[in-house]
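Residues per chain, in single letters:
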Amino acid sequence: MIDSRTAPYAALLLRLTLGYLAIAHLYYKFFVVPNGLDGWWTNLNNNGYPDFVVYYVLSAEFAGALLLIPGIYARYVALY
């Protein structure tokens, strides 16, 4: 059974955690992977994706994380 007093806090905790994990995933792509973003970019291009898809993926992940943390359009961001 859902307690209406604590449900908003649970949603806040989930939003903060998912936003942090998305930003940590971007950090991993940029700085931790041996070839960094270059290797990831080349791998997507070798698989046949055009350059605009790579831009879209990076911007959607970053913008989604930034919007998810304060809860702006959280339902739509969760779709990505």
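Computed from a prediction, not measured in an experiment: that's the story for all the values here. (Residues numbered from 1 in each chain as written. Predicted model: local features only at pLDDT ≥ 70, side-chain atom pairs only at ≥ 80, totals over all residues. Heavy atoms only, no water.)

### A look at the packing of aromatic side chains
Phase 1: One pass over the full model with this rule turns up four aromatic pairs.
Phase 2: Ring centres 5.1 Å apart and planes at 45° place the aromatic pair Tyr27 and Phe31 in the tilted group. Within this pair, Tyr27 and its partner Phe31 are both found in helix H1 (residues 7-32), separated by four residues, close to a single helical turn.
Phase 3: A ring pair is formed by Phe30 and Phe31, whose centres lie 6.2 Å apart and whose planes are at 40°; its orientation type is tilted.
Phase 4: In this structure an aromatic cluster arises from ring pairing among Tyr27, Phe30 and Phe31. (Phe/Tyr/Trp six-rings, centres within 6.5 Å; stacked < 30°, edge-to-face > 60°. Helix = DSSP H or I, 4+ residues; strand = E, 2+ residues; numbered from the N terminus.)

### Examining unusual backbone geometry
Phase 1: Phi angles above zero are rare outside glycine, and Tyr73 is one such case at about 50°.
Phase 2: If you trace the backbone, Tyr73 turns up in the loop between helix H3 (51-68) and helix H4 (74-77).

### Details of the environment of Leu12
Phase 1: Mapped onto the elements, Leu12 comes out in helix H1.
Phase 2: Residue class for Leu12 comes out partly exposed when judged on its relative accessible area of 34%.
Phase 3: Spatially, the C-alpha atom of Leu12 lies 30 Å from that of Val54, the residues being 42 residues apart in sequence. (Buried < 20%, exposed > 50% of the residue type's maximum accessible area, 1.4 Å probe, protein only.)

### Here's the deal with the packing of H1 against H3
Phase 1: Between H1 and H3, the shortest axis-to-axis distance is 8 Å and the interhelical angle comes to 150°. By the criterion of interaxial angle, the relationship of H1 to H3 is roughly antiparallel. The way H1 lies across H3 gives a crossing that is left-handed. Residues Arg15, Leu18, Gly19, Ala22, Ile23, His25, Leu26 and Lys29 of H1 form the contact with H3, whose own contacting residues are Val57, Leu58, Glu61, Phe62, Ala65, Leu66 and Leu68.
Phase 2: Of the residues in the contact of H1 with H3, the class split is 10 nonpolar, two polar and three charged. (Axes fitted to C-alpha atoms, helices over the stretch in contact; angles between N-to-C directions. Parallel < 35°, antiparallel > 145°, perpendicular 65-115°, else oblique. Left-handed = near helix turned anticlockwise from the far one by under 90°. Contact = heavy atoms within 4.5 Å. Nonpolar A, V, L, I, M, F, W, Y, C, P; charged D, E, K, R; others polar.)

### Examining helix H2 (residues 36-46)
Phase 1: By the burial criterion, the buried members of H2 are Gly36, Trp41 and Leu44. Seen from one end, H2 has its buried residues packed into an arc of 145°, which puts them on one side. Facing away from the buried side of H2 by over 90 degrees, the exposed positions are Asp38 and Asn46.
Phase 2: Buried residues in H2 make contact with H1 and H3.
Phase 3: One or two positions beyond H2, positive phi appears at Gly48, with a value near 100°. (Arc of directions from axis to C-beta.)

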